[in-house]
Amino acid sequence: LDYETSGVFVVAKTKEAARVMQSAFEGRRVRKTYLALCKRTTTNANQQQQQQQQQQQQGTIDYPLVKDAAADFAGRAKVRCVLNDDEAALVKVMPAETDWRILHRNGSYALIEARPRTGRTHQIRAHLAAVGWPIVGDDAYGYRDDGQDDDSLISRHALHAHTLTFLKSTTTEGIPPVSIVAPPPRDFTRACAAVGVVGIETK
C-alpha cells in the first residue's frame, strides 16, 4: 500500500504461506477492491473525453502508465497516464487496467469502488485522475483547478484498501477462498459524510 492508503495489509507468517501468496499475486489470482472518495474536475487537456467518462457510472480504465521523470521524494506523481497511441509508441509503457464504478454520488463528489486488474505503482490514483475523478486529498495526482482546497476534509488521500480475496485456485483443496475485509476508518467515513456521500460503515 502507499504510505497514506488505509486498509488491508497482508503479511505471511511462514515461508510456505509466502510462496503461496507470491504465486497468487504473480498469477493475478487475487481480487483487490478499493474505495476512493473523489471529486470531479476537468483538466485543460482531454476535456471532452473526461466529461463523457464522468457521465458513466462504471467502466474500465486501460490507460498505460509511464514513469514520471520529474518524480522526486516530495510527494510528486511517480507515474502518469499515456493518453494517446502516438506517445505510447515513443516511450516504454506499462499496461494497466482498473475496473471502477460509482457507489454513491452527491454533486461533484463520489464514492468510487476500484478493482485493479494489474498492480502498478499509483495505478488507481493516476487512472482516476486521468478520467476526471481525482482522489480527495491526493496532492500528487489531484487537479485543483477550481481554486478550492479539500485538505480540511481529510489529512491524507482518501483511498482505502477495502477487500483482498485469494481465489479458490490458490488454496489447498477443500479449503474455501480466503477473503479479508477492512472497514473504512473514521477519517474516511467522516470525509464522505461531510460532502454528503453515504452508504459505508466505519470500524
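A short tour of the structure in this document, coming up. As the structure is a computational prediction, the values presented were derived from the model and not from experiment. (Residues numbered from 1 in each chain as written. Predicted model: local features only at pLDDT ≥ 70, side-chain atom pairs only at ≥ 80, totals over all residues. Heavy atoms only, no water.)

**Examining the overall build of the protein**
- Looking only at helices and strands, the protein has 5 helices and 9 strands in total.
- Reading the protein from its N end, one meets helices and strands in the order β-α-β-α-β-β-β-α-β-β-α-β-β-α.
- Expressed as a percentage of its 203 residues, the buried residues of the protein come to 40%.
- By sequence separation, contacts in the protein at least 24 residues apart represent 64% of the contacts at least 6 residues apart.
- Summing over all exposed atoms, the protein offers an accessible surface of approximately 11,600 Å²; the carbon and sulfur share of this is 49%. (Helix = DSSP H or I, 4+ residues; strand = E, 2+ residues; numbered from the N terminus. Buried < 20%, exposed > 50% of the residue type's maximum accessible area, 1.4 Å probe, protein only. Contact = heavy atoms within 4.5 Å. Areas by Shrake-Rupley, 256 points an atom, 1.4 Å probe, with all protein chains shown as cover.)

**Side note on helix H5 (residues 186–194)**
- Within H5, the full set of buried residues consists of Phe188, Thr189, Ala191 and Cys192. Looking straight down H5, one finds that the buried residues subtend no more than 155 degrees of arc, so they occupy a single side. What points out from H5, more than 90 degrees from its buried face, is the exposed set Arg190, Ala193 and Ala194.
- Residues of H5 that are buried make contact with strand S2 (30–39), strand S7 (109–116) and strand S8 (159–166). (Arc of directions from axis to C-beta.)

**Describing the side chain of Thr33**
- Position of Thr33 among the secondary structure elements: in strand S2.
- A distance of 3.2 Å separates polar atoms of two side chains, one belonging to Thr33 and the other to Arg115.
- With residues near it in sequence (within four places) discarded, Thr33 still touches Glu113, Ala114, Arg115, His160, Ala161, His162 and Thr163. (Polar contact = N/O pair within 3.5 Å; in protein donor to acceptor, adjacent residues only side chain to side chain.)

**Some words on the environment of Ser155**
- Relative to the helices and strands, Ser155 resides in the loop between helix H4 (123–130) and S8.
- Judged by its relative accessible area of 73%, Ser155 is exposed.
- In the structure, Ser155 is positioned 18 residues away from Gly137 in sequence and 6.9 Å away in space, judged by C-alpha atoms.

**As for a nonpolar patch on the surface**
- On the surface, Leu1, Phe9 and Val11 cluster together into a nonpolar patch covering about 340 Å² of accessible area.
- Within the secondary structure, Phe9 sits in the loop between strand S1 (6–7) and helix H1 (15–26). (Patch = residues over 30% accessible without salt bridge, like charges linked within 9 Å, V, L, I, M, F, W, Y side chains within 5 Å. Salt bridge = Lys/Arg side-chain N within 4 Å of Asp/Glu carboxyl O.)

**Quick word on the pattern of salt bridges**
- Counted by the stated rule, this structure contains 8 salt bridges.
- Across the pair Arg156 and Asp187 runs a salt bridge whose closest N-O atoms are separated by 2.8 Å. You can see Arg156 sitting in the loop between H4 and S8 and its partner Asp187 sitting in helix H5, a full 31 residues away along the chain.
- According to the relative accessible area criterion, Arg156 is buried, its value standing at 10%.
- Sharing partners across several salt bridges, the network here consists of Asp2, Arg125 and Asp138.

**Topic: the side chain of Thr163**
- Examined against the element boundaries, Thr163 turns out to sit in strand S8.
- Note on Thr163: relative accessible area 17%, which makes it buried.
- Apart from residues no more than four positions distant in its own chain, Thr163 is found in contact with Val8, Arg31, Lys32, Thr33, Ile180 and Val181.

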